[in-house]
Structure formats: structure tokens, C-alpha cells
Amino acid sequence: MIIKTAEFKCSSAKAEQCPVGDIPEFAFIGRSNVGKSSLTNMLTGRKSLAKVSGTPGKTALINHFIINGEWYLVDLPGYGYAKVSKEKRKAYSDIISCYILKSENLKYLFVLVDSRLEPQKNDLELMDFLNEHGINYGLVFTKTDKLSDNKIFSNITKYKKILKAVGKSVPDIFITSSEKKTGREELLDFIENTIKEQ
């Protein structure tokens, strides 16, 4: 897929405020500071389409970006940032769950995972939630330029073992680095093929 245009559409504080219509949506979600904004900019080829912040928990809204006038890239609030109040964490959780369960245009959810870390409890809880509700999703391992290939493989294997141990199928896996633009073509081709199959 060639990205010709990428424009910010809107920010929504509630799932029901999101754009209406039948444009397919591909959402990105992950723990705070996992690199969602950097990945968005890397995929679209725009340096500052999504605001990158060194402060975890910055994305608190559902952000829609219209790509090639054909599909939405949806940036969901980050989760798991301890310094955010319990009330805000619950509010983010409600926004996320309502969007994921109620969006009629959500075609696929990309769950971003920091490749440098051991499997995290809140990532695994999200996967349980997605499996329970039959949501199509894949795992996007970010920041892989920081690790050796062996370490990346080791961490991915741990996720696979955990999912298989609880009887869950292993989702699609994407290896990315916003710094080196690793995985860009794979993700965009996957999105393009998914749209064609609808």
C-alpha cells in the first residue's frame, strides 16, 4: 500500500462520538509509552501526524486519522500507566472497551507490545478480553531495534506459550521498529489485503 494522504480527522472522548459511516477502521492499542504515536507516524510517513510524547498516558482520546480517503487509522488511549488516577484509568478502560465492542467498522485491532519486556499482566488481560469477545487482533512488537534477533524471538515465544497454555490461538505477529521503519510494508500490506477481503 502506498500512503498518498494521511490527515487527522477527529478526537473523541466517547465511543459514540466517533465518525459514522462505513469506512473501515484499523485500531492501534497498547500500554502507555509503547510507541503508538511513533508507529502511526512511521506507517503514514508523516513525522508529526500523531504527537509523540515522552510522558506516558498522554493519549486520552480516540484519535481518528483518515488514510488515502479510504480507511481510518485509529489511535486508542494507552493503558497501564500507574501515575494516572484510578478514575482516569477506569475512564480510559471504558472508552477502549466501548469502542472495541461497539464499533461496527472496526476490522482489526493491532495490540502493541514492547519487545524489550517480559509478558505484561495488563497486556495478557487485554488479550483475554479480546479472545473472550471474538475480536480480530494481532500482536505488534515495537522497539525491536533495541534488541538482538534472538531476544526478540525469545520474547515472542513466551507470549505464544502463554496463549497456547490457556487454549488460545496465537494471533498474527508483526515485528516493527519506528526508528528503522521495520515492519511498515508488512502492516500496510496486511491492512490493504484485509480491506480487499471485506
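Here the structure is a predicted model, which is why all the values come from computation and not from measurement.

Chemist: So, the sheet that holds strand β2 (residues 25-30): which residues are in play, and what are the values?
Modeler: Strand order in this open sheet of seven strands is β1-β3-β4-β2-β5-β6-β7, and the pairing throughout is mixed. This sheet does not close on itself; its edge strands, each paired only once, are β1 (6-12) and β7 (172-175). Here the strands of the sheet are splayed against their neighbours by 25° on average, with no regard to which way each runs.

Chemist: Residue-level account of the state of the cysteines, with values.
Modeler: This model, assessed by the stated rule, comprises zero disulfides. The thiol sulfur of Cys-10 is not disulfide-bonded, and the nearest other cysteine sulfur, from Cys-18, lies at 6.6 Å.

Chemist: Could you give me a rundown of helix α3 (residues 121-132), with the residues and numbers involved?
Modeler: Taking 1.5 Å of rise per residue, the 12 residues of α3 would be expected to cover 16 Å, and the 16 Å separating its terminal C-alpha atoms lies within 8% of that figure. Along α3, the residues that are buried comprise Asp-123, Leu-124, Leu-126, Met-127 and Leu-130. All buried residues of α3 lie within an arc of 155° about the axis, which places them on one face of the element. Turned more than 90 degrees away from the buried face of α3, the exposed residues are Lys-121 and Glu-132. Just past α3, the residue Gly-134 takes up positive phi, approximately 65°.

Chemist: Got a sec to walk through the packing of α3 against helix α4 (residues 149-165)? Specific residues and values, please.
Modeler: With their axes 12 Å apart at the nearest point, α3 and α4 run at an angle of 45° to one another. Between α3 and α4, the angle falls in the class oblique. Handedness of the crossing formed by α3 with α4: right-handed. Of α4, the residues touching α3 (which contributes Asp-123, Leu-124, Met-127 and Asn-131) are Tyr-159, Ile-162 and Leu-163.

Chemist: So what's going on with α4? Which residues, and what values?
Modeler: Between the first and last C-alpha of α4 there are 24 Å, a value that for 17 residues agrees with the 24 Å anticipated at 1.5 Å per step. For α4, the complete set of buried residues consists of Ile-152, Asn-155, Ile-156, Tyr-159 and Leu-163. Seen end-on, α4 carries its buried residues on one side only, within an arc spanning 95°. With respect to the buried face of α4, the exposed residues turned more than 90 degrees away are Asn-150, Phe-153, Lys-161, Lys-164 and Ala-165. At its buried positions, α4 is contacted by β5 (106-114), α3, β6 (137-142) and β7. Gly-167, located one to two residues past α4, shows a positive phi value of around 75°.

Parameters and conventions
- Per chain, the residues get numbers from 1 upward, laid out in the order the sequence is written.
- Local features in a predicted model are, by the rule used here, given only for residues with pLDDT of at least 70; side-chain atom pairs are given and counted only at 80 or more, and totals for whole chains, interfaces and linings are based on all residues.
- The basis for every side-chain value is the complete set of heavy atoms in the structure, and neither hydrogens nor water enter the calculation.
- Following DSSP output, two strands are said to pair if at least two bridges run between them.
- For the purposes of this entry, the term helix denotes a DSSP run of H or I that reaches at least four residues, the term strand denotes a run of E that reaches at least two, and both are numbered from the N terminus.
- Here an angle of 0 to 180 degrees is reported between the N-to-C directions of two axes, which are lines fitted to C-alpha atoms, with helices fitted over the stretch in contact.
- The definition used for a disulfide is geometric: two cysteine sulfur atoms within 2.5 Å.
- Expected helix span is computed as 1.5 Å times (number of residues minus one).
- For the exposure calls, accessible area comes from a 1.4 Å probe over protein chains only, and a residue counts as buried if that area is under 20% of its type's maximum, exposed if over 50%, partly exposed in between.
- Comment: arc refers to directions from the helix axis out to C-beta atoms.
- Convention used here: angles under 35 degrees read as roughly parallel, angles over 145 as roughly antiparallel, angles from 65 to 115 as roughly perpendicular, and any remaining angle as oblique.
- Each helix crossing is assigned a hand: it is left-handed if the near helix lies turned anticlockwise from the far helix by less than a right angle, otherwise right-handed if that turn is clockwise.
- The contact criterion used throughout is that any non-hydrogen atoms of two residues lie within 4.5 Å.

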